[in-house]
Amino acid sequence: MRVVIDTNVLVSGLLGLYTYSARIIDLIYINRLYCVYDDRIMAEYNAVLARPKFKQAISAKERKDLLEYIARTGLHVLAAPLENFSLSAPDADDLPFMEAAVAGRAEAIITGNH
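It should be emphasised that the depicted structure is a prediction, and the values quoted were computed from it without experimental measurement.

Colleague: Describe the environment of V4, listing the residues and the values that go with them.
Modeller: Along the chain, V4 falls in strand β1 (residues 2-5). Along the primary structure V4 and V36 are separated by 32 residues, whereas in three dimensions their C-alpha atoms are 5.1 Å apart. Non-local contacts of V4, meaning those with residues more than four positions away in its chain, are made with V36, I41, F97, A100, A101, A106, A108, I109 and I110.

Colleague: Tell me about the packing of aromatic side chains, and name the residues and values.
Modeller: Inspection of every chain in the model, using the stated rule, returns one aromatic pair. Here the aromatic rings of Y29 and Y69 are separated by 4.9 Å at their centres, their planes lie at 50°, and the arrangement is tilted. With Y29 in helix α2 (residues 20-29) and Y69 in helix α4 (residues 60-73), the pair connects residues that are 40 residues apart, well separated along the chain.

Colleague: I'd like a description of α4, backed by residues and values.
Modeller: Taking 1.5 Å as the rise per residue, α4 with 14 residues should run 20 Å; its terminal C-alpha atoms sit 20 Å apart, in good agreement. Residues L66, L67, Y69 and I70 constitute the buried set of α4. Projection of α4 onto a plane perpendicular to its axis shows the buried side chains occupying an angular sector of 155°, all on one side. In α4, the exposed positions angled more than 90 degrees off the buried face are occupied by K61 and R72.

Colleague: Explain the nonpolar core to me, using residue names and the numbers behind them.
Modeller: Soluble, globular proteins show a tendency: their nonpolar side chains are buried together. Membership of the largest hydrophobic core comes to 31 residues, with the highest contact counts inside it found for I5, L10, I28, Y45 and I70. Elements with a minimum of two residues in this core: β1, α1 (7-15), α2, β2 (34-37), α3 (39-49), α4 and α6 (95-103). In terms of residues, this core owes the most to one element, α3, which gives five residues. Contact partners of I28, with chain neighbours within four places excluded, come to I5, L10, L33, C35, Y69 and I70.

Colleague: With reference to specific residues and values, describe α2.
Modeller: Listed in full, the buried residues belonging to α2 are S21, A22, I24, I25, L27 and I28. The secondary structure elements touched by the buried residues of α2 are β1, α1, β2, α4 and β4 (108-110).

Reading guide: rules and limits
- Residues numbered from 1 in each chain as written.
- Predicted model: local features only at pLDDT ≥ 70, side-chain atom pairs only at ≥ 80, totals over all residues.
- Heavy atoms only, no water.
- Helix = DSSP H or I, 4+ residues; strand = E, 2+ residues; numbered from the N terminus.
- Contact = heavy atoms within 4.5 Å.
- Phe/Tyr/Trp six-rings, centres within 6.5 Å; stacked < 30°, edge-to-face > 60°.
- Expected span 1.5 Å × (residues − 1).
- Buried < 20%, exposed > 50% of the residue type's maximum accessible area, 1.4 Å probe, protein only.
- Arc of directions from axis to C-beta.
- Core = buried A, V, L, I, M, F, W, Y, C linked by side-chain atoms within 4.5 Å.

Rendered as structure tokens:
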């Protein structure tokens, strides 16, 4: 299944071993979910997961392994702007995720947002 995964899900999954978000990461590693992403999303994943506040809980190796796996097995897209969505999106930071979903024909966006 092709999905776009919001950064908060990756953070939560790496922080909590027995959570729904951790199960999402498990599904990535067993190739049940294929991440659709673009350069903006991968840059956000890298930046957020490398924040000092996560340094003790998320090792550099865990972060590197997950992001390399996503890059290797996922679908990298060049997403065009979705101008109609930019007017109605509650958070402009979410636009890259919606744009990548459309460009990659993702079946879902997995997020912890309401």
